[in-house]
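# Architecture at a glance
Listed below are the residues making up each chain.
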Amino acid sequence: MSIQKIVENALQDGYLTPIMEEEVGRICESASDLPMEEYMALDRLMGALLTGEVKAVPRKQFINVMEELVLSEAITQVAEQEAKQSCQLDIGDIAAYALNRLPPLYATSHEGADYQRKRAKEELQALIAQQVTEGIQRYFERPTIPNRRPIEQQQRSDLLASMTDMLKSLAPD
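All figures in this text were calculated on a predicted structure; none of them were measured in a lab.

### What about the confidence of the model for the protein chain?
Counting all residues, the mean pLDDT for the protein chain is 84, and 85% of those residues have values of 70 or more. Across the protein chain, element-level confidence peaks in helix H7 (residues 125–141) with a mean pLDDT of 95 and bottoms out in helix H8 (residues 153–170) with 56.

### What about the pattern of salt bridges?
Counted according to the given criterion, the structure contains eight salt bridges. Glu123 serves as the salt-bridge partner of Arg119, at 3.7 Å between the closest nitrogen and oxygen. Of this pair, Arg119 and Glu123 both sit in helix H6 (residues 110–123), four residues apart, which is roughly one turn of that helix. Assessed through its relative accessible area of 54%, Glu123 is described here as exposed. Shared partners join several salt bridges into a network, and the residues in it are Glu68, Asp114 and Arg117.

### Notes on the packing of helix H5 (residues 91–99) against H7
Viewed as axis vectors pointing N to C, H5 and H7 meet at an angle of 125 degrees, and their least axial separation amounts to 8 Å. As the angle between them shows, H5 and H7 are arranged oblique. In this structure, H5 meets H7 at a crossing whose hand is right-handed. Listed contacts from H7 to Asp93, Ile94, Tyr97 and Ala98 of H5 are Gln131, Val132, Glu134, Gly135, Ile136, Arg138 and Tyr139. Tallied by class, residues from the contact of H5 with H7 come to six nonpolar, two polar and three charged.

### What about H6?
Relative to the 20 Å expected for 14 residues at 1.5 Å per residue, H6 spans 20 Å between its end C-alpha atoms, a close match to the ideal helical length. Residues Ala113, Gln116, Arg117 and Ala120 constitute the buried set of H6. Along the long axis of H6, the arc covered by the buried residues comes to 100 degrees, so they all point the same way. Those residues of H6 that are exposed and angled more than 90 degrees off the buried face are Glu111, Tyr115, Lys118, Glu122 and Glu123.

Criteria and cut-off values
Residues numbered from 1 in each chain as written. Predicted model: local features only at pLDDT ≥ 70, side-chain atom pairs only at ≥ 80, totals over all residues. Heavy atoms only, no water. pLDDT = per-residue confidence, 0-100. Helix = DSSP H or I, 4+ residues; strand = E, 2+ residues; numbered from the N terminus. Salt bridge = Lys/Arg side-chain N within 4 Å of Asp/Glu carboxyl O. Buried < 20%, exposed > 50% of the residue type's maximum accessible area, 1.4 Å probe, protein only. Axes fitted to C-alpha atoms, helices over the stretch in contact; angles between N-to-C directions. Parallel < 35°, antiparallel > 145°, perpendicular 65-115°, else oblique. Left-handed = near helix turned anticlockwise from the far one by under 90°. Contact = heavy atoms within 4.5 Å. Nonpolar A, V, L, I, M, F, W, Y, C, P; charged D, E, K, R; others polar. Expected span 1.5 Å × (residues − 1). Arc of directions from axis to C-beta.

In structure tokens form, the structure reads like this:
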């Protein structure tokens with residue numbers, strides 16, 4: 001999608017989403033020189049953001065605690081599996097499989113996240129472990145997809161930041 005199209009959508013909707021913002025950044029980084037129309041579109045977007053005509057949607061004001069719990073379980077099980085079979089598994093694929101089969105547990109505050117973690121450990125830990133185990137089994141059965149394009153590394157860094165936050169919250173004082 002071009003910068004002009006992104007700006008057009010933002011002006012129409014009144015919002016610049018994080019995905020739109022990332023796409024504009026990607027285009028700007030990959031192009032050695034932008035056409036004048038693209039510069040004009042960027043200028044229009046900047047003006048609209050400054051006047052409030054377009055609002056930038058904040059990245060995340062909530063978290064899905066289930067992602068943390070599944071990732072933690074996946075890391076544990078994958079480490080065991082890789083030690084037993086001397087193979088390399090994709091934790092992201094396995095976690096995505098499990099997350100698609102588990103309920104989300106969203107929170108907007110630290111207290112809410114703590115509550116969701118506690119609740120999930122009491123009520124859902126066995127189901128989380130089961131879905132991760134099933135994800136590993138399915139991983140071995142998956143077809144090979146030629147020219148597979150994994151999600152950008154930038155999004156994985158968000159995942160690593162979430163994991164770091166989770167580990168900090170679980171560490172004894």
